[in-house]
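One letter stands for each residue in the lines below.
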Amino acid sequence: MAKHRHRASDAQRTAVQQALDEAFAAGRLDHFEHFERIRTATKAKYIDELRPLVVDLRGGDDDLGLGRDDDDDKASAGSARAGWDARRNRSHANRGWAIGIGIAVAVLAIAGGVIAASVSDSPSNSMTTEQASDPGPLLTAEGMERVIDSAKTEFAGLDLDTFSIHGTSAGAMYEDPAEPGKRLSFIFRGGEWTQSGFHSRTESTTFRIADIDSAVLEQTVESAPGELDMSGAKLSHISVFADPLGEPEYAVSLNDGKDLGTATFGPDGQLRKADKPD
């Protein structure tokens, strides 16, 4: 029997993108690996396309919401197969067999809907392709300024490893002052920052959230389509890392519906690197 594949939600794609950003900042992915995995995550339609992107990066301390559907698939598939085989052996003519299949399919459909709804950021998980490609409120000029101002208050005086803005959420990671070597991950949703996990990491270059300039960031977003030859492409996400001097470096990623391109800018808004789609 063919495996029932669950479609990935925006929340799951965002969680994977944030995990990849953190891995890149930690040095566990080089620039090319990060770019390729982010591009794959952005285009992924199914959960089983997302899991391989982080399986060699994740520890047991953070749940990206990718295992549940896969585990449910295995259990339900095995159970259904055993039940159907037993019923077939008893009688092909038994009309109750057909009814049982109908009930099983209905249950699986309902369960799939519940699982998908539980990991979605929006009240409804049924959206059109056009809606799914919308950059999201935090990637507008007003949204970026709002989340940066919030981060400057929340993480004032702290050295950050990475900071990212996605359509409906943002992420940040820094070293725990009380436990050196332990990095705390935070996610911004609904106007609030909450801790989402922790990581053990080696020392890396950091930057101050106060050094992020909203005006420069907006400038890089406006410049990225031209630098990447991707006029009309949607803004996918923005990642901020520290350059070798400890200043913020902005990586602006665009999605044209087929491929992902990333333009990297320095703290002055000048282009440093352009990874154009193939």
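In the block above lies the structure referred to throughout.
In this text the structure is predicted, and so the values were computed from the model without any measurement.

*Asks:* Describe the pairing of strand β2 (residues 170-175), and please don't skip the residues or the numbers.
*Replies:* A regular strand places its side chains so that they alternate between the two faces of the sheet. The buried fraction of β2 amounts to five of the six residues, a majority that puts the element mostly inside the structure. Taken together, the five bridges between strand β1 (residues 159-165) and β2 define a ladder with antiparallel strand orientation. Bridge pairing in β2 links T162 to M173. The turn joining β1 and β2, which pair antiparallel and follow one another in sequence, is formed by four residues. Sheet analysis places β2 next to strand β3 (residues 182-189), joined by six bridges and oriented antiparallel. Bridging across to β3, A170 finds its partner in F188. The antiparallel hairpin formed by β2 and β3 contains six residues in its connecting segment, where G181 sits at a positive phi of about 95°.

*Asks:* With reference to specific residues and values, describe helix α3 (residues 47-54).
*Replies:* Within α3 the residues assigned to the buried category are I47, L50, L53 and V54. Along the axis of α3, the buried residues cluster in a sector spanning 115°; they form a single face.

*Asks:* Can you explain the packing of aromatic side chains? Please cite residues and give values.
*Replies:* Using the criterion set out here, one finds six aromatic pairs in the structure. Each ring, one from Y174 and one from F186, has its centre 5.5 Å from the other, and the planes form 10°; the classification is stacked. With Y174 in strand β2 and F186 in strand β3, this residue pair connects regions lying 12 residues apart in the sequence. Three or more aromatic residues link up through ring pairs in this structure, and these residues are F155, F163, Y174, F186, F188 and W193. Positioned above the aromatic ring of Y46 is the side chain of R5, whose terminal nitrogen or guanidinium carbon lies 4.0 Å from the ring centre.

*Asks:* Account for the environment of N255, with residues named and values stated.
*Replies:* Mapping N255 onto the fold places it in strand β7 (residues 248-255). On the accessibility criterion, N255 (17% relative accessible area) is buried. As for N255 and K43, which are separated by 212 residues in sequence, their C-alpha atoms are 8.7 Å apart. Beyond its immediate chain neighbours, meaning those up to four positions away, N255 contacts T42, M230, A233, K234, S236 and L260.

*Asks:* If you had to explain the packing of helix α7 (residues 141-154) against helix α8 (residues 214-228) to someone new, which residues and values would you point to?
*Replies:* At a minimum axis separation of 10 Å, α7 and α8 run at an interaxial angle of 145°. As α7 runs across α8, the sense of the crossing is right-handed. In contact with A141, M144, E145 and I148 of α7, α8 contributes S214, L217, E218 and V221. Here the residues of the contact of α7 with α8 are counted per class, giving five nonpolar, one polar and two charged.

*Asks:* Before we move on, can you summarise the side chain of R13 with the specific residues and values?
*Replies:* Tracing the backbone shows R13 in helix α1 (residues 10-25). Judged by relative accessible area, which is 16%, R13 ranks as buried. At 2.8 Å, the side chain of R13 forms a polar contact with the backbone oxygen of A44. Each residue touching R13, except ones within four places of it in the same chain, is listed here: A8, A41, T42, A44, K45 and L50.

Reading the values: the criteria
- Numbering of residues starts from 1 in each chain and follows the order in which that chain's sequence is written.
- The predicted nature of this model means local features are confined to residues of pLDDT at least 70 and side-chain atom pairs, given and counted, to a pLDDT of 80 or more, with totals for whole chains, interfaces and linings taken over all residues.
- As a rule here, side-chain values come from all non-hydrogen atoms in the structure, and water together with hydrogens is ignored.
- In this scheme, a residue with accessible area under 20% of its type's maximum is buried, one over 50% is exposed, and one in between is partly exposed, where area comes from a 1.4 Å probe on protein chains only.
- Secondary structure elements follow DSSP: runs of H or I of four or more residues count as helices, runs of E of two or more count as strands, with numbering from the N terminus.
- Any two strands with at least two DSSP-identified bridges between them are counted as paired.
- The arc in question is the one traced by the directions running from the helix axis out to the C-beta atoms.
- The pairing test for Phe, Tyr and Trp rings, Trp by its six-membered ring, is centres within 6.5 Å, and the orientation test on the planes gives stacked under 30 degrees, edge-to-face over 60, and tilted for anything in between.
- Comment: the charge-over-ring label is applied if NZ (Lys) or CZ (Arg) is within 6 Å of the ring centre and within 35 degrees of the ring normal.
- The contact definition used throughout considers only heavy atoms, calling two residues in contact when any of these lie within 4.5 Å.
- Every axis corresponds to a line fitted to the C-alpha atoms, with the helix fit spanning only the stretch in contact, and the corresponding angles, defined between N-to-C directions, vary from 0 to 180 degrees.
- Note on convention: the crossing is left-handed when the near helix lies turned anticlockwise from the far helix by less than a right angle, right-handed when the turn is clockwise.
- When residues are grouped by polarity, Ala, Val, Leu, Ile, Met, Phe, Trp, Tyr, Cys and Pro land in nonpolar, Asp, Glu, Lys and Arg in charged, and all others, Gly among them, in polar.
- Pairs of N or O atoms are called polar contacts if they sit within 3.5 Å, as long as, within protein, a hydrogen donor faces a hydrogen acceptor (for residues adjacent in sequence, only side-chain-to-side-chain pairs).

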